[in-house]
Amino acid sequence: MENNGDGDAEARRKARVKARWEILRQALTGEVPLPNTPRSRYHTHSMNAFPGFRVLDRTVLPAPPPPRSEFGNDDDAQESHEVVAYSYTSQDGSSQVQFKAREVLQQQKSATMKSRMEELLSHRTHGVDNTGNVRVWDAEGVLAVFLLSTILDKSCDAEALIETRSTLRDMIAAHGDDPTVEECNVLELGCGQAGLAGLALASLGSASGGSTRAKRMNIMLTDRHPKCVANNRACADMLAKGEDTVRAEMLLWDSSPNGELACATINQIASENSKTHSLVGDGIFDVCLASDCVHFQDFHDGLLLTVARTLRVNGIALLCQPARGASLENFMSLVEFVNGRGGGVLLEMTLIEEFVSKVSSLHAELVSNTNEHSTYDPDRHRPLLLTLRKKRILDEVVDGSLVQQFLSIRRQNMES
């Protein structure tokens with residue numbers, strides 16, 4: 001006799017599968033279902049159904065016509081954009097950081113089936129999917145707030161979070177009388193259409209009020225999709241940068257020698273704007289940021305090696321994302337596998353669940369009020385913070401082979 005709980009779970013699974021096929025059909029046809037109609041109910045299963053934690057203050061501004069993309073002829077013509085002003089105010093109200101981003105508003109009605117298919121098959125053209133151009137994902141804003149609160153706010157945290165905040169303050173906050181003689185090199189991976197975390201750090205120098213000052217920031221915003229890179233360049237152009245430098249470059253996470261060369265190029269570009277001299281074979285970046293970047297498990301090897309190739313020894317990477325099933329756990333298992341073999345710990349790893357107070361309180365409220373109509377799913381929506389502290393220089397041969405060995409074991413386990 002079937003357990004009722006199992007039967008309910010199977011019914012929910014079938015409903016999700018049906019809903020996602022309907023969402024795919026609507027994406028291909030461009031159909032936008034009217035509210036409160038049978039077809040609109042499927043969107044409760046969409047990632048977009050939950051609006052996010054909205055930890056940054058967000059105001060849409062009047063937007064000028066977008067410039068033509070340097071990466072294509074018609075991409076911008078098929079999309080409308082909005083300019084968004086973001087702001088964060090410190091807990092005591094003494095400091096405020098403001099910055100702008102250009103974001104895709106929606107596809108115009110003139111978009112064709114062909115253009116929609118090209119977006120869905122983006123991974124075949126660009127080596128990466130089109131999700132970064134769909135929206136600014138919630139983890140970006142959460143990571144931005146964590147960074148800004150670390151520099152601008154005084155907080156009482158758990159031990160792991162205290163250590164992380166202390167490390168970041170030491171790297172980002174100026175210590176001397178002249179902050180322009182101190183610098184911090186920051187790399188953001190997988191920025192999507194707007195790297196809010198990197199843009200937020202670049203805006204610290206123009207923060208109003210308060211006594212905390214940031215070092216001179218050298219920010220590199222990266223993505224593999226050309227439309228994302230072009231849009232981040234538009235975002236960088238709107239910043240009041242002062243002494244800071246902000247660039248957007250193309251970078252695909254790749255565990256092969258091609259990926260090694262791409263990372264070396266990014267390190268070289270960053271070094272042209274930096275006074276920092278890295279060790280031979282080491283990266284140049286003090287801080288590496290990534291938001292919602294571990295869900296595609298085929299890129300786990302490339303992501304890990306990209307972090308290790310670009311981060312300097314004692315530098316720190318911050319990866320902010322939901323668990324997304326087994327994706328985060330599997331990435332952490334890969335890091336642990338490499339750490340436990342070869343030349344010793346490469347990336348010292350810590351997972352932190354509570355790191356932004358507004359997220360923690362709203363998460364608790366949403367979980368306590370869960371019902372059949374809830375769109376919040378902690379597994380898909382609640383951001384977690386994974387920190388990686390680089391402890392030694394990457395050995396391309398030894399560490400690279402360990403990465404491939406782990407992936408081979410994982411494939412064998414999945415097939416058995």
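Refer to the structure printed above.
Definitions and cut-offs
Residues numbered from 1 in each chain as written. Predicted model: local features only at pLDDT ≥ 70, side-chain atom pairs only at ≥ 80, totals over all residues. Heavy atoms only, no water. Helix = DSSP H or I, 4+ residues; strand = E, 2+ residues; numbered from the N terminus. Buried < 20%, exposed > 50% of the residue type's maximum accessible area, 1.4 Å probe, protein only. Contact = heavy atoms within 4.5 Å. Areas by Shrake-Rupley, 256 points an atom, 1.4 Å probe, with all protein chains shown as cover. Pairing = 2+ DSSP bridges. Axes fitted to C-alpha atoms, helices over the stretch in contact; angles between N-to-C directions. Parallel < 35°, antiparallel > 145°, perpendicular 65-115°, else oblique. Nonpolar A, V, L, I, M, F, W, Y, C, P; charged D, E, K, R; others polar. Left-handed = near helix turned anticlockwise from the far one by under 90°. Salt bridge = Lys/Arg side-chain N within 4 Å of Asp/Glu carboxyl O. Disulfide = S-S within 2.5 Å.

A. Quick look at the overall build of the chain. For the chain, the count of helices and strands is 13 helices and ten strands. Scored against the burial criterion, the 416 residues of the chain give a buried share of 49%. Restricting the contact set of the chain to residue pairs at least 6 apart, pairs at least 24 apart contribute 78%. Of the roughly 20,200 Å² of accessible surface on the chain, 51% is carried by carbon and sulfur atoms.

B. Main features of the sheet that holds strand 7 (residues 285–291). Spatial ordering of the open sheet is given by 6-5-4-7-8-10-9, a layout of seven strands whose pairing is mixed. The two strands at the open ends of the sheet, each matched to only one other strand, are strand 6 (245–250) and strand 9 (347–352). Strand-to-strand twist in this sheet, taken as the mean axis angle between neighbours without regard to direction, amounts to 15°. Two strands pair when backbone bridges link them, and strand 7 and strand 8 (residues 311–321) are joined in this way by six bridges, in the parallel orientation. Residue valine 287 lies in a different strand from strand 8, and its bridge partner there is isoleucine 316. Packing against the sheet, helix 7 (residues 226–237) makes contact with strand 5 (216–223) and strand 6, and its axis sits at approximately 170° to strand 6.

C. Fine view of the packing of helix 4 (residues 138–152) against helix 5 (residues 159–172). Where helix 4 contacts helix 5, the two axes come as close as 9 Å, and the packing angle between them is 75°. In terms of orientation, helix 4 and helix 5 fall into the roughly perpendicular class. When helix 4 is examined against helix 5, the residues Phe146, Leu147, Ser149, Thr150 and Ile151 are found in contact with a partner set consisting of Leu161, Thr164, Arg165, Leu168, Arg169 and Ile172. Residue composition of the contact of helix 4 with helix 5, by class: six nonpolar, three polar and two charged.

D. Structural view of the packing of helix 8 (residues 257–271) against helix 9 (residues 300–310). Where helix 8 meets helix 9, the axes come as close as 9 Å, and the angle between the chain directions of the two elements is 35°. The interaxial crossing formed by helix 8 with helix 9 has right-handed handedness. Contacts between helix 8 and helix 9 involve Gly259, Glu260, Cys263 and Asn267 from the first element and Thr306, Arg309 and Thr310 from the second. The class makeup of the residues in the contact of helix 8 with helix 9 is one nonpolar, four polar and two charged.

E. The pattern of salt bridges, seen in detail. For the coordinates displayed, the defined rule picks out 13 salt bridges. For glutamate 249, the salt bridge is made with arginine 247, and the minimal N-O distance between the two is 2.9 Å. The exposure class of glutamate 249 is buried, given its relative accessible area of 14%. Its relative accessible area of 31% is what places arginine 247 among the partly exposed residues. One salt bridge connects arginine 392 with aspartate 399, and the closest N-O pair in it is separated by 2.9 Å. An identical accessibility class is assigned to arginine 392 and aspartate 399; each is buried.

F. Quick peek at the environment of arginine 216. Take arginine 216: it is sitting in strand 5. Take arginine 216: its relative accessible area is 11%, and that puts it in the buried class. In sequence terms arginine 216 and alanine 173 are 43 residues apart; their C-alpha atoms lie 9.2 Å from each other.

G. Inspection of the state of the cysteines at higher detail. Here the structure, examined in full by the defined rule, presents zero disulfides. There is no disulfide at cysteine 235, and the cysteine sulfur nearest it, in cysteine 191, is 9.3 Å away. Its sulfur unpaired, cysteine 263 is 9.4 Å from the next cysteine sulfur, which belongs to cysteine 288.

H. Summary view of the environment of serine 333. Residue position: serine 333 is located in helix 10 (residues 327–339). Judged by relative accessible area, serine 333 falls into the partly exposed class, the value being 26%. Separated by 73 residues in the primary sequence, serine 333 and phenylalanine 406 have C-alpha atoms spaced 8.9 Å apart.

I. Highlighting unusual backbone geometry. Located in the positive-phi region is aspartate 292, a residue other than glycine, with phi close to 55°. Checked against the element boundaries, aspartate 292 lands in the loop between strand 7 and helix 9. Unlike most non-glycine residues, asparagine 314 shows phi in positive territory, near 80°. Inspection of the secondary structure assignment puts asparagine 314 in strand 8. A relative accessible area of 35% means that asparagine 314 is categorised as partly exposed.

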